[in-house]
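Next come the chains, spelled out residue by residue.
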Amino acid sequence: MTTQSRKSPKAESEQRREHRYLNAQGAEVKTRDEAFATPLQGAGAEAVAITTRLQLNNGATTFEMQVQINPNTYPFVVTGGQITSGICGAPWNITGGSIGNQLRLEARRAGQGSCANTITIVGQYQNPPSYRGTYGFDGSSSSFNHTTMYQI
């Protein structure tokens, strides 16, 4: 004959209510809200950005770009970067945009010269992995054709 101890209904309900909460880093926290809080709180901008290199080609023109994106979003939100060469007034600071099925980059001239002040680059994804589209200056985005490719 075996004897089993039965848990009282009160003990079972108390046990169910007793939870241990862990955050995304594996540390124990006090509340469910803390466990599900955005793990990026208190993290620097470097923690939510990676840099990808792109090259825009338009016949004789080639822009080299280093684009910072948030890899935790889709389409990838552009958080910064620079157009480092191939354009009058280089470098240009990339101020926003997104990369997904469509490409959109906005940049402001940081270099010297009497060039335009802003550039907008738009494109549609195609295979092999690249974007075909247009770009323009000072509010226009359709002045020149381009193909923009990822660089390794």
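Cut-offs applied
- Residues numbered from 1 in each chain as written.
- Predicted model: local features only at pLDDT ≥ 70, side-chain atom pairs only at ≥ 80, totals over all residues.
- Heavy atoms only, no water.
- Helix = DSSP H or I, 4+ residues; strand = E, 2+ residues; numbered from the N terminus.
- Pairing = 2+ DSSP bridges.
- Axes fitted to C-alpha atoms, helices over the stretch in contact; angles between N-to-C directions.

We now examine unusual backbone geometry. Omega for the bond connecting tyrosine 74 with proline 75 falls within 30 degrees of zero, at -5 degrees, which places this linkage in the cis form. When you line up the elements, proline 75 lands in the loop between β4 (61–70) and β5 (76–85). Each neighbour pair has its own omega, and for asparagine 127 with proline 128 the value is -5 degrees, a cis peptide bond. Tracing the sequence through the fold places proline 128 in the loop between β8 (118–126) and β9 (130–137). A positive phi is found at aspartate 138, a non-glycine position, where the angle reads about 45 degrees. Secondary-structure assignment places aspartate 138 in the loop between β9 and β10 (144–151).

What the eight strands build is a closed barrel, ordered β3-β4-β5-β6-β7-β8-β9-β10; its pairing is antiparallel. Taking the axes of each pair of neighbouring strands and ignoring which way they run, one obtains an average angle of 30 degrees across the sheet. Of the pairings in the sheet, the one linking β8 to β9 comprises eight bridges and is antiparallel in character. The residue of β9 that forms the bridge with isoleucine 119 is phenylalanine 137.

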